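# Architecture and fold: a report
Each chain is listed here by its residues.
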Amino acid sequence: MCSRVDCRNCGKATGAACTHHITMGRVPKKKSQSAPPVDKLLKPAAGVALAMLAYYFMKGMTNEIPRIDVTDQLALREVFFGEGASGKDYAVLCHPEAKDGSVGLPVSSVFQDSHDDGSAPAEYVLMDCDHVLPESGKSIYEKFKINKKKRPTVFVSGKVGPPKQVPEKHLKTGAMLTKLLKQMLEPHAAKIEKTKELKEKCLNKDVCGLLLKGGKPEPYVKHAVANLLGKYPSVQFASVDSTLLFLTNLEEYLPEYEAGVHRFVVFKKVSGGLSAGDNETKAEGRLKTSILPLETSGVSFGAMNTLVSDALNGKKMKSIPSLPNIKTRTKKLEESERLKRDRKKDQARRKAQEDQKPPQTFAANDGSKEGRRLERERRRAEHNSKNNVKPKTPEEIAEMEKRRRERMEEEAAKWNIEGEDAPDGREPLKEEEELDYGGDEEGEFVDVDEEMEDDEDVLDLD
């Protein structure tokens, strides 16, 4: 078929058949290309190989993991307890040091991959854990109770605390190790669901801020907690779901629970701990803590920030007799907590009424116990003023008591009759000197009624 223009050969109209003018053309043959000589390919191939070797060499130099000198006591204490000025956290791989110029064992691929990732907030180091510490005579494995059979043997230490071994289930890949290190080292609020977790993650810390969620936290609540985590790195923060859980021995000190309303309280440890002790360490004693609750319903960054600051400064803290326990929220527990609140309100109301009453006065000798006491004090003061009797100092009172005891011993010795000193027959005993029963030598007034009342209660028949 021709195109829409007229055929140049026959001049027929557009679209008319002009197949009689179509001819078959020859297809040109492709020229065969010969391969380039080998000597021309050697130079580019050598350049690529050298570039790859240089890349891997520089990569290995960059990702080399440093080793801790186990003979440096300061370095060891910084890694184990974070005592250095750096304040870093460490991820340590127990790796034996090569000896006698040998190559040594390769580094664990899991540890190396986590190190190469670089997103975990930890310093990756190697350490020979078979080294024996000179102070204790134990190896690093034995000192910190690290199980060397779990391979790779990795522990976390430094600012976060003494060495804590990483479980095997988190050492399958480098990504799993990195994820665990982020959870352990990055500041975050601990989620609490059991009493044991409450004691370990919150109550046993020096200061802990506990958020009792009344529902799903709003974005502003999450931002407030994140800001608190950044501002107070030494304070542990935690949260508990109050819609499902009930904290006994604590709810009565907080605002009453309302759905959708969050509450906040700060704990500060007073003494004791959770350690039961062993052959090397002593038991810490019973854990005691104090609280500072947010008395208003709802939370905000300003209110929580002020509360944490006051707790760190030891202001307004209140000791509680028993530690909180976590239980499932039920209507029965809510009713018991409501009764406790009512009793506390009644006690506070009665105390306020007693404080508002004027002090009760007693007339002298009105027959009551308080009246008799006031009468004795009045007569004593009157006697002392007439006879110019001055109050005795503690030294004078102690001296009088000493002389009284000496006189009592002398009189007791006179009445003790030995066998050879006993009189013969019915010879009457000689009249002894009048005994001194400790009366005041200076004539101070002594009220007989007072001494009788001290010995026994007076029965008032009126």
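Residues numbered from 1 in each chain as written. Predicted model: local features only at pLDDT ≥ 70, side-chain atom pairs only at ≥ 80, totals over all residues. Heavy atoms only, no water.

### Topic: the packing of aromatic side chains
This model, assessed by the stated rule, comprises five aromatic pairs. When the centroid spacing of 4.6 Å and the interplanar angle of 50° are considered together, the rings of Phe80 and Phe144 count as tilted. Of this pair, Phe80 sits in helix 2 (residues 73-81) while Phe144 sits in the loop between helix 4 (140-143) and strand 3 (154-158), and the two are 64 residues apart along the sequence. The two residues Phe80 and Phe144 agree in class, both being buried. Consider the rings of Phe80 and Phe155, whose centres lie 6.5 Å apart with planes at 40°: the pair is tilted. On the criterion of sequence distance, the pair formed by Phe80 in helix 2 and Phe155 in strand 3 is long-range, its members being 75 residues apart. Under the relative-accessibility criterion, Phe155 is labelled buried at 0%. Following the ring pairs from residue to residue traces out a cluster consisting of Phe80, Phe81, Phe144 and Phe155. (Phe/Tyr/Trp six-rings, centres within 6.5 Å; stacked < 30°, edge-to-face > 60°. Helix = DSSP H or I, 4+ residues; strand = E, 2+ residues; numbered from the N terminus. Buried < 20%, exposed > 50% of the residue type's maximum accessible area, 1.4 Å probe, protein only.)

### Let's talk about the confidence of the model for the protein chain
Residues at a pLDDT of 70 or more form 74% of the protein chain, whose mean pLDDT is 80. A low-confidence stretch, residues 431-446 (pLDDT under 50), is modelled with 22 contacts involving residues beyond four sequence positions or located in other chains. Taken together, the stretch residues 451-462 has pLDDT below 50 and engages in seven contacts with residues farther than four places along the chain or on a different chain. (pLDDT = per-residue confidence, 0-100. Contact = heavy atoms within 4.5 Å.)

### Focus: the sheet that holds strand 9 (residues 263-271)
One open sheet accounts for six strands, arranged 5-7-6-9-10-11; its pairing is mixed. Here the strands that pair on one side only, and so sit at the sheet edges, are strand 5 (190-191) and strand 11 (318-319). In the sheet, strand 9 pairs with strand 10 (residues 288-293) via six bridges, with the strands oriented antiparallel. Residue pairing for strand 10: Ser271 is matched across the bridge by Lys288. (Pairing = 2+ DSSP bridges.)

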